[in-house]
Amino acid sequence: MRIPNPDLAVDDSNKQRWNRPAHRRHGFHNAHHLFRRALMVRSRNVLPLVRSPIDLPAAFPELRALLAHPAFSAFCCLRGDALIFEAAADDFSPTAPHSIQSVTKLHIHLIFGHLLAQGLVSLDAPVSAYLPEIGSGYAGAPVGALLDMAVRNDFSEDYSDPLSDCYTEEIALGWRLPPEGALEPSLAQFAAGITGFRPGPTPALAEYKSANTDVLTLIAAAVSPVPLARLVEEIADAAGYEGAFHISLSPEQLPAFSGGGCLSARDLARFGLLFAGLSDNVAYPNASFLRYCLERTAPSLDPPRDWLRYSGHLMTNGCLLGHAGYGGQFLLVDTETGTSCALLSVLENDAGYDVDYMSLVAFGLKNICEALA
């Protein structure tokens, strides 16, 4: 007799065990072991770090508060190859892999910058130009609107609603099992089932939908001359991780760029340096696309994080850039000074999300980056 995998099967709350509040901290600290399937990549060469300590908690009370918060897992601040400060909770380490959730979406910025530079994709083209079988939720949407979180359709991402579409999406990301007896939908099948695209002017506020990232992943897979797994390797090589990058895979073996990445705090900060122009890799980043995303008008995040706008699959104010992640993750990079701050944490409330907490994290990292400038 066999039973459904207890880590991946859902209960009456419509959450798999590793993402239920009582198990979420263990889940986020061990997600790379718990996914249905995953890709693991090591960098060919490692970026060495030179310890150059600054007592950031003494200078920033908001950082002290974050380090003392029950959700805290790990923090790392780099300035170029200088390790300024790092810390970890008693049950964790700055070098242990941790679910980074939607911070993974920054890979899509890098990949699309790469594809744009090769003339393989156009921001103005409709999704159907690359995915003829896509459903009505995305067929008529311009690719650029997906990159800016500026698509209106029927997909819902409300973490407080256990029946929100984002939880069904998790089956196609390899995070949970479907109802017993049902087949696991591929990422393409899941995306094709989304309906209700509503054309119109660019919204003033970003309409955050992780399904946008899934569709962009499918487009990248369709047009890239090399497999997406190879592009993941190239990004890892450019970042110079000392540990491993793990990312969950869809049933058709596509990386779950919408939120399936796992990195240590130290390696996540290394990843952030790619956006400060410090990489010597010829493929990443696409400096012209990054500059375009930093300088242009784009939808703002909801208050109180409206000092950031969503442009080209990253959050930015024109100088600082980064991304937030479900559960309490944030990466923020100063593109001018090369300061990269990564904070990992695990919110254990029912929703796994807290706007006030995430705002405190964003402002805290902003203050550090600006002070170090």
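All of these numbers come straight from a predicted model, not from anything done at the bench.

Draft legend 1. Fine view of helix 13 (residues 355–372). The end-to-end C-alpha distance of helix 13 is 26 Å, a good match for the 26 Å that 18 residues give at a rise of 1.5 Å each. Looking at the buried positions of helix 13, the neighbouring elements they touch are helix 3 (56–59), helix 4 (61–68), strand 3 (72–79), strand 10 (320–325), strand 11 (329–334) and strand 12 (339–345). The backbone nitrogen of Asp356 has a side-chain oxygen 2.9 Å away, supplied by the residue at the start of helix 13, namely Asp354.

Draft legend 2. Focus on the pattern of salt bridges. Tallied over the entire structure, the rule returns 15 salt bridges. Of the charged contacts, one joins Asp7 and Arg17 as a salt bridge, the two residues approaching to 3.0 Å between their closest N and O atoms. In this pair, Asp7 sits in the segment before helix 1 (21–29) while Arg17 sits in the segment before helix 1, placing the two residues 10 residues apart along the sequence. You can call Arg17 partly exposed: its relative accessible area is 28%.

Draft legend 3. Structural detail: the side chain of Ser164. Here Ser164 is to be found in the loop between helix 6 (143–147) and helix 7 (165–172). Since its relative accessible area comes to 1%, Ser164 is described here as buried.

Draft legend 4. Summary view of the sheet that holds strand 2 (residues 50–51). The mixed open sheet is built from eight strands, whose spatial order is 2-4-3-12-11-10-9-8. A strand with exactly one partner marks an edge of an open sheet, and here the two such strands are strand 2 and strand 8 (309–310). Relative to strand 10, strand 9 (residues 315–316) runs antiparallel, the two being bridged by two bridges. Residue pairing for strand 10: Thr316 is matched across the bridge by Leu321. The strands touched by helix 4 within the sheet are strand 3, strand 4 (82–88) and strand 12, with strand 3 carrying the most contacts at an inclination of about 140 degrees.

Draft legend 5. Inspection of the environment of Ser210 at higher detail. For Ser210, the position within the fold is in helix 9 (residues 210–223). Residue class for Ser210 comes out buried when judged on its relative accessible area of 4%. Taking the C-alpha atoms as reference points, Ser210 and Cys166, 44 residues apart in sequence, are found 7.3 Å from one another. Within polar-contact distance, the side chain of Ser210 engages the side chain of Lys105 at 2.9 Å.

Criteria and cut-off values
- Residues numbered from 1 in each chain as written.
- Predicted model: local features only at pLDDT ≥ 70, side-chain atom pairs only at ≥ 80, totals over all residues.
- Heavy atoms only, no water.
- Helix = DSSP H or I, 4+ residues; strand = E, 2+ residues; numbered from the N terminus.
- Expected span 1.5 Å × (residues − 1).
- Contact = heavy atoms within 4.5 Å.
- Polar contact = N/O pair within 3.5 Å; in protein donor to acceptor, adjacent residues only side chain to side chain.
- Salt bridge = Lys/Arg side-chain N within 4 Å of Asp/Glu carboxyl O.
- Buried < 20%, exposed > 50% of the residue type's maximum accessible area, 1.4 Å probe, protein only.
- Pairing = 2+ DSSP bridges.
- Axes fitted to C-alpha atoms, helices over the stretch in contact; angles between N-to-C directions.

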